[in-house]
Amino acid sequence: MSDIHRPTDLEAGSGRLREPEEDESSSSPFDIPNPKYASVERLKRWRQAALVLNASRRFRYTLDLKKEEEKKQTLGKIRAHAQAIRAAYLFKEAGDQVNGAAKPPPTPSGDLGIGQDQLASITRDHDFHTLQQYGGVKGIADLLKANLEKGINGGDDDLLKRRNAFGSNTYPRKKGRSFWMFLWEAWQDLTLIILMIAAVASLALGIKTEGIKEGWYDGGSIAFAVILVIVVTAISDYRQSLQFQNLNDEKRNIRLEVIRGGRTVEVSIYDIVVGDVIPLNIGDQVPADGILISGHSLAIDESSMTGESKIVHKDSREPFLMSGCKVADGRGTMLATSVGINTEWGLLMASISEDNGEETPLQVRLNGVATFIGIVGLGVAFLVLIVLLVRYFTGHTRDPDGTRQFVAGQTKVGDAVDGAIKIVTVAVTIVVVAVPEGLPLAVTLTLAYSMRKMMVDRALVRRLSACETMGSATTICSDKTGTLTLNQMNVVEAYAGGEKLEPADNKSQLSPKLASLVKEGIAQNSNGGVFIPEGNGEVEVSGSPTEKAILIWGIKLGMNYEAVRTESSILHVFPFSSEKKRGGVAVKLVTFFKKAIDDMAASSLRCVAIAYRSYELDKVPTDEAQLSVWALPEDELVLLAIVGIKDPCRPGVRDAVRLCQNAGVKVRMVTGDNLQTAKAIALECGILASAAEAKEPNLIEGKAFRDLSDVAREEMAEKISVMGRSSPSDKLLLVQALRKKGHVVAVTGDGTNDAPALHEADIGLAMGIQGTEVAKESSDIIILDDNFASVVKVVRWGRSVYANIQKFIQFQLTVNVAALIINVVAAVSSGDVPLNAVQLLWVNLIMDTLGALALATEPPTDHLMHRTPVGRSEPLITNIMWRNLLLQALYQVSVLLVLNFKGKSLLNLKHDNSNHATKVKNTLIFNAFVLCQIFNEFNARKPDEYNIFKGITKNYLFMGIVAITLVLQIIIIEFLGKFTSTVKLNWKQWLIAAIIGVISWPLAVVGKLIPVPKTPVSMYLRDCVDFIRCRRT
């Protein structure tokens, strides 16, 4: 087995294989730029290196390596089973032919003349002999009451009858995890288990020594706090899983065209029924098992079912089509004969439909950060445990009134055990706070939120890592048609017979012979259709935008689409190729134009030529095999007409391009159109600032770029703004050259031949409307409205993901540093800690789950597009973040330690009961600490801006979480003192705590005035380490 990991989301598209990462021997196990394509050993390495308290929760959204291997084995078994059945059938059929045995004619079955079993056996076994006995595809269609040209009736009753008889095009999916599963996984945290054991022990000892009325508070409060943490964590995780589930359902819902009632309609793949007539074009996915009705140069990639990367040509002798396969070339129509679970694809999907997850680069890096912090936290917790135990058992730990808590030989065993349990509980709780389990999961939270919001912005994310990578994009290679333009095409100019038609549809200027040839060329070369409803309704035209524009022009010239197509018989179709940029059809039965083309191209029109030539019938191959390889004659063509098609720029595309340029993202247009057309559109969109820029190297033809050497191509690539007359291979070369120069490349594509460039790019963006299924499956993100403005929104969201994670890191590390230092200093100096286990669990809840919800779901702002792209190797914790978090942590530690050691005198509590005074002081420390985190949450929203309240009213979730946290804090202090070991505070003490918290706002403003070096702190540390190593050697 290869050691390259290849994710296979077979429902939404096959995985993509890339070369292994260049630096497999990286010193850090957490430095994996492309986790999707890393080796299995590399993925295992970072998992083993991570410090994890709850593996089931931490690795929930990473790739399940075990299930991935099981999926491959299942896939192999099903493929082998299908091939064994076919081999056995072919062997039996061969035996029957030798023995002269013949099958009896099959008998009709069911309301529709044939049953599911007969249909399934014909297509599954590729039983050509039985198909012929039924009368071929025509006979099957008659039994299914389907017309091979007009399809089925398509009424609700007809569809229901077919679903009842043959099933729907769905398959049983494994149910998603229930809430109880998430609750169970949240329990798996080792520290929480230890705390529950300690709580039970404390509960038992407390009840034994103090009675049930008073003795249950200590243990019960810890148990309640742990349960609260578990429930809140489970709810948060469950909500995330539902969001991912909804996005996965949307990802699998392919839209395609079928013919029903004589008209072409768009339906979901799940709505396909047996008897549907389905057009197939290059790049489409075969949506059901079926039989070919007609086809031209139809080639199918069956690798998803057979496992062999072999293209199979389909014709009348090999007419069987398998669901889930892709159209590699040509076109045709098919009759659906089996759907859903009755197909091999359906069986396959029902077996492996569970999503095995995928880790992202940021997720892996955050596991590294969490591991480092966790190791420090574990060391601190162990130190606190040792110090507290030593002080306790040596008699140095005293009660507030000065009484020793432990006296050797006098203290009861139960009391000693209870004291030791409390110390262990505090140490374990420090671990809970110190090990940021929620940090890597914050990535999942912000990605789930971002992906849901991006759907509203017309972008469907197929690969999680694309969200992050888009924030680092330095260049976007965009198609022109439909992305920068509206894709609403109309013929506005036409030249025929050596003259310009005025207007473009003026048929009086055409001679009868020329008009006849032009109309025949339009009708026979179309892959679209024309539907004329009864009662003189409006004519409906289907097909690609270019086809529709030319068909409408033909209709205006008086073309009767159906009549023209039936007047001559088609010998062979040469499908349009983006490489050759032409297509043609063989049917049975000029210098003036150069200036015209230049004029139309300069007016940003797409030029389409219509030509013909006569060909001797005896030279046309009659054998089907020879016909399939017959090449389109390219000489002696007679030019009939040239049409100029107008496709206006999308409104707002110029602003979107400018926004990208301001954000440090260069937009490059890569189009197959004439160079003059490309230049005109680029000037209109703002990709070229002026006509003076419209020359090499800014403007180049695909062929010229292709002919350059590798080195010259890399140098030229960075200068290119527009590439015209380009083929998909030119786009791939451009992407490769840009990536070699260190760019993070996003590329748009819609055709099957764009798949290599989409796969090669750091972020592949497929078009949702015009894109083929092959293009979509090779992409990372699908732009549902084909609009370039939506691409720019994806860039904003990508940067937002990264920025939100940094906000959360800054907030969480501030809490980590402050809580650890306060408890360590207090423990070492006095043998007691001001923040007990229950209080620390509440702080952990604020910091982990609620903090992530508040900060990881900040919507993107325009400020993000005023920055340069984030480098993929840049440290997660920037110098600005270090300045902010250290300043806040230093402030919190200083104030709270002053309160810890001098609080009684500062608060005038010296005359109070010693025990009560200590409780008031510790309660104020706890309250001030929590309020500091609430106020600091506002600071974390804008790490590098002075106005931290900007846009806050639009973030209802943030405001809601802050309000809930504050209300719960008031309830804890005022009403739950027994559980949290706190006492009620008077209004002055509340005011002191609030002032301590509020000071963090002006402090943050002052802090932002402190300049920070551009060189990351991590670089200084690395230089120091290198220097020490050099001195040693």
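Owing to the predicted nature of the structure, the values given are computational and were not obtained by experimental measurement. The written sequence of each chain sets the order in which its residues are numbered from 1. With pLDDT at 70 or above as the cut-off, local features in this predicted model cover only qualifying residues; side-chain atom pairs require 80 or more to be listed or tallied, and sums for whole chains, interfaces and linings still use all residues. Water and hydrogen atoms were dropped before computing side-chain values, which therefore reflect all heavy atoms in the structure.

1. Some words on the overall build of the chain
- Along the backbone of the chain there are 37 helices and 23 strands.
- Burial classes: relative accessible area under 20% of the type maximum marks a residue as buried, over 50% as exposed, and values in between as partly exposed (1.4 Å probe, protein chains only). The buried share of the chain, taken over its 1033 residues, is 54%.
- Of the roughly 45400 Å² that the chain leaves accessible, carbon and sulfur atoms contribute 58%. The way it works is that DSSP assigns letters per residue, a run of H or I at least four long becomes a helix, a run of E at least two long becomes a strand, and they are numbered from the N terminus. Per-residue and other accessible areas follow the Shrake-Rupley method at a 1.4 Å probe size, with only the shown protein chains counted as cover for residues.

2. A word on the packing of aromatic side chains
- Between rings of Phe, Tyr and Trp, where Trp is taken as its six-membered ring, a pair exists when centres lie within 6.5 Å; planes separated by under 30 degrees are stacked, by over 60 edge-to-face, and by other angles tilted. Tallying each qualifying case throughout the model produces 11 aromatic pairs.
- Measuring from centroid to centroid gives 6.0 Å for Tyr-449 and Trp-797, while their planes differ by 70°, and the two rings are edge-to-face. For the residue pair Tyr-449 and Trp-797, the accessibility class agrees, reading buried in each case.
- Between Phe-935 and Trp-1001, the ring centres sit 5.0 Å apart and the planes meet at 80°, which makes this aromatic pair edge-to-face. Here Trp-1001 lies in helix α36 (residues 1000-1007) and Phe-935 lies in helix α32 (residues 914-941), a separation of 66 residues in the sequence.
- Classification of Trp-1001 by relative accessible area gives partly exposed; the value is 21%.
- The rings of Phe-935, Phe-938, Phe-949, Phe-958 and Trp-1001 are connected pair by pair, giving a single aromatic cluster.
- The rule for a charge over a ring is simple: NZ of Lys or CZ of Arg within 6 Å of the ring centre, and within 35 degrees of the ring normal. Above the ring of Phe-958, the side-chain terminus of Arg-941 is found at 5.6 Å from the ring centroid.

3. Notes on the pattern of salt bridges
- Any carboxyl oxygen of Asp or Glu within 4 Å of a side-chain nitrogen of Lys or Arg constitutes a salt bridge here. This structure, assessed with the given rule, holds 28 salt bridges.
- Lys-731 is the salt-bridge partner of Asp-754, the closest N and O atoms lying 3.3 Å from each other. In this pair, Asp-754 is assigned in the loop between β21 (745-749) and α27 (755-760) and Lys-731 in helix α26 (residues 728-740), connecting sequence segments 23 residues apart. Considered together, Asp-754 and Lys-731 belong to a single accessibility category, that of buried residues.

4. Re the sheet that holds strand β17 (residues 638-646)
- Whether two strands pair depends on DSSP finding at least two bridges between them. The antiparallel open sheet is built from four strands, whose spatial order is β11-β10-β17-β16. Unpaired on one side and paired on the other, β11 (499-500) and β16 (605-612) mark the two borders of the sheet.
- Bridge count between strand β10 (residues 490-496) and β11: two bridges; the pairing is antiparallel. Across the sheet, residue Tyr-495 finds its bridge partner in β11, namely Lys-500.
- Here, residues are in contact when the closest pair of their heavy atoms is within 4.5 Å. Lines fitted to C-alpha atoms define the axes, with helix axes restricted to the stretch in contact, and inter-axis angles between N-to-C directions lie between 0 and 180 degrees. Sheet contacts for helix α18 (residues 545-556): β10, β16 and β17; angle to β17, the most-contacted strand, approximately 115°.

5. Considerations on a nonpolar patch on the surface
- Patches in this entry comprise residues that are over 30% relatively accessible and not in a salt bridge; like charges within 9 Å are linked, as are nonpolar side chains (Val, Leu, Ile, Met, Phe, Trp, Tyr) within 5 Å. On the surface, a cluster of nonpolar side chains totalling about 450 Å² of accessible area is made up of Trp-184, Trp-187, Ile-227, Val-231 and Ile-235.
- Every element with two or more residues in the nonpolar patch is listed here: α8 (179-187) and α10 (217-252).
- Counting residues per element, the nonpolar patch draws most heavily on α10, at three residues.
- Mapped onto the secondary structure, Ile-227 falls in helix α10.

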